[in-house]
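# Analysis of the macromolecular model
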Amino acid sequence: MARYPNISDHGLIGDLQTAALVTTDGTVDWFCCPRFDSPSVFASLLDADHGGYFRIAPDRDDYVTKQLYFPDTAILITRFMTPDGVGEVHDFMPVITGAATDRHRLVRQLRVVRGTMRFVMDMQPAFDYARQPHKVEMTENGAVFEADGMELTLHWARPEDDSPQDPDDMIEQHGDGVRATRTLRAGQSSGMVLESMGGRPRLMAHEEIQRLQRETADFWRTWVHRSTYTGRWRDMVSRSAITLKLMIYKPTGAPVAAPTTGLPEQTGGERNWDYRYTWIRDGSFSLYALLGLGYVEEARAFAGWLRARGEEYVPGSGHPLKIMYRVDGSSDLTEETLDHFEGWRGSRPVRIGNGAADQLQLDIYGEMLDAAYLGDVNGLQVYHEGWQQVSRMVDWLCDNWDQPDEGIWETRGGQRDFTYGRFQSWVAFDRAIRIATNRARPADLAKWALARDAVYKQILSRGWNSEVGAFTQHYSTKVLDSSLLLMPLQGFIAPDDPMWVSTLNAMDKELVSDSLVYRYNPSASPDGLAGNEGTFSLCTFWYVDALARAGRLDDAELTFEKMHTYANHLGLYSEEISSTGEQLGNFPQAFSHLALISAAINLNNQLDHGSTAVSPVLSQAATT
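What this report covers is the structure whose coordinates are included nearby. Every value quoted in this text rests on a predicted model; they were computed, and no experiment measured them. (Residues numbered from 1 in each chain as written. Predicted model: local features only at pLDDT ≥ 70, side-chain atom pairs only at ≥ 80, totals over all residues. Heavy atoms only, no water.)

### Brief notes about the sheet that holds strand β28 (residues 583-584)
The sheet built from three strands is open, its strands ordered β26-β27-β28 with antiparallel pairing. Whereas interior strands pair on both sides, the edge strands pair on one side only; in this sheet they are β26 (535-536) and β28. With two bridges joining them, β26 and strand β27 (residues 576-577) adopt antiparallel strand pairing. In the strand pairing of β27, threonine 535 is matched with isoleucine 577. (Pairing = 2+ DSSP bridges. Helix = DSSP H or I, 4+ residues; strand = E, 2+ residues; numbered from the N terminus.)

### Details of the pairing of strand β1 (residues 10-14)
Of all five residues in β1, five are buried; the element is thus mostly enclosed. With burial as the criterion, each face of β1 is covered, one bearing His10, Leu12 and Gly14 and the other bearing Gly11 and Ile13. Both β1 and strand β2 (residues 19-23) contribute to a ladder of five bridges, which runs antiparallel. In the sheet register, histidine 10 faces β2, and the bridge partner there is threonine 23. Connecting β1 to the next strand, β2, in antiparallel fashion are four residues, including leucine 16 with a positive phi near 80 degrees. (Buried < 20%, exposed > 50% of the residue type's maximum accessible area, 1.4 Å probe, protein only.)

### Some points on the packing of aromatic side chains
For the structure shown, the criterion picks out 22 aromatic pairs. Their ring planes at 85 degrees and their centres at 5.2 Å tell us that phenylalanine 219 and tryptophan 220 sit as a pair that is edge-to-face. Judged by its relative accessible area of 23%, phenylalanine 219 falls in the partly exposed class. Seen from their ring centres, tyrosine 420 and phenylalanine 423 are 5.8 Å apart, and the 75 degrees between their planes marks the pair as edge-to-face. Linking tyrosine 420 with phenylalanine 423, this pair stays in helix α8 (residues 419-439), spanning three residues, or about one helical turn. Judged by relative accessible area, tyrosine 420 falls into the buried class, the value being 3%. Through pairs of rings, three or more aromatic residues link up here, namely Tyr420, Phe423, Trp426, Tyr456 and Phe492. Of note, arginine 35 hangs over the ring of tyrosine 249, and the distance from its end group to the ring centre comes to 5.9 Å. It is arginine 108 that lies over the ring of phenylalanine 54; its NZ or CZ is 4.9 Å from the centre. (Phe/Tyr/Trp six-rings, centres within 6.5 Å; stacked < 30°, edge-to-face > 60°. Lys NZ or Arg CZ within 6 Å of the ring centre and 35° of its normal.)

### Quick notes on the layout of surface pockets
Here the largest pocket is characterised by a volume of approximately 410 Å³. Taken together, the elements giving at least two residues each to the lining of the largest pocket come down to α5 (296-311), α6 (363-377) and α7 (384-400). Broken down by element, the lining of the largest pocket gets its largest block of residues, six residues, from α5. Among the residues forming the lining of the largest pocket, the class breakdown is 11 nonpolar, seven polar and two charged. (1 Å grid on protein atoms, 1.4 Å probe; cavity = no way out; pocket = protein on both sides within 12 Å on 5 of 7 lines; lining within 4 Å. Points joined across faces, edges and corners; volume = space filled by probe spheres on them. Nonpolar A, V, L, I, M, F, W, Y, C, P; charged D, E, K, R; others polar.)

Listed below in structure tokens is the structure:
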């Protein structure tokens, strides 16, 4: 494999508190511990020489590798095929369903299914983004790696049949890591467990490894089978649901946007952001998708996390919500660069933290209230205290919607009167009024309705550009923006309204490339940064839904099927797709997978019942 694998050449494993990426050649090249947003211990994905890694592969170069998941699980199988035999590495993390903990296990089981294979294991940790030195202690049962505040224990596993060790096999300290070889024959298995804060190394029985794998498989299969989706694209939807679940921090219910940082939107470019945090926007869309699959427990957990953020607001103290938080709800996301990392294929700077955290993005209130309304009509009623918080936010928005902001794409080129932010303010007022009316909640309905109508009129007069024949990104530009694909999806405009049909046609011509959709005109750079970017997978899935609602069902289905060809070998998507079909950006991306789920549900429903049909779960807000 090349010095840096393709972004798409990875599988994801996790335990609902953190996650790891495993390449197609058996290398764990990204792992943060003990949480998604903790410092890395393996990060060769961002610096091949210094980042740290944990590799298991055949002790030869002439092999072919394939990767797959055990069906309906997050257990990853990497298969190696050589002239002498076929071997496998089974990677998984036993699920943690309880409270937050510093103890996490990464299990790597070796098996040979045909012939003979000599595996080589090379583990080189690099704590705190390779900024902390560590000590190594070897024992007969494994090794301990200790840095300031973090300890990793490598436990050896006893071979399945207690077969004698091959005379050429060895285990030794190698630099600041460990190197070992193990020869196995058909039917034999071995392995190891890497455990954070795991104490002294111990020799683990084969039966214990098997039990952990069985329990992990049972958890995932039970969870997947709770899904209510029975449509055409079950495999893709199930894999996307598992991927979303892997990115939800179970102790708080908060989803991260992606488990990685620093992966670029253009190879060698500078759009390299840290996505290991919880965006109000992303989380709200996740709730939308999970409700559509019947996962009420996950939706309820995130609603509780959102409620806790609302409780922190004191009227008169600033914005009711920040746009993003850490998974525990804290808001210290100071951005810094890791100047000692060269970045994936030279893409610098590598950033941790996120300087956009304090931006004003008015759209988050619409997305949050839309999610709250969808939850309310699907059994997750807004409690009294929650309604008090909603009312305070809506009152604040009444006084603040008509001001420039940074927009959904977190541009760093200055504030603008973004049409999407205004449109989502309309959604916020509309959904709040619906909840108050449906539940007979106390509210200043006259004030909210006046603000809602003022936003609507302003968008129709200033967001519409008659010269372009479309709604545009902001009031002072001719640039189109695919975030506006949500306008008919969320009920702001009828999908067959001539103004919307004209907008969709303009997007077809300017933003769509062989069914793939750009966020905005590729030649425009409203984020103030140099370089270009790929098409946004999120926007392509929104486009599928918009096509279907506009009555273009054949176009919608073809676009959706084409999009499947851009997934990686495991059905995973990053944030963007380049002009050559390469996946770019942080990986995997929650936005991409939640949009796939929503598009699949709505498109399947419309194909079954006609283009005017709506999902009984996902379209309440747009049609009630």
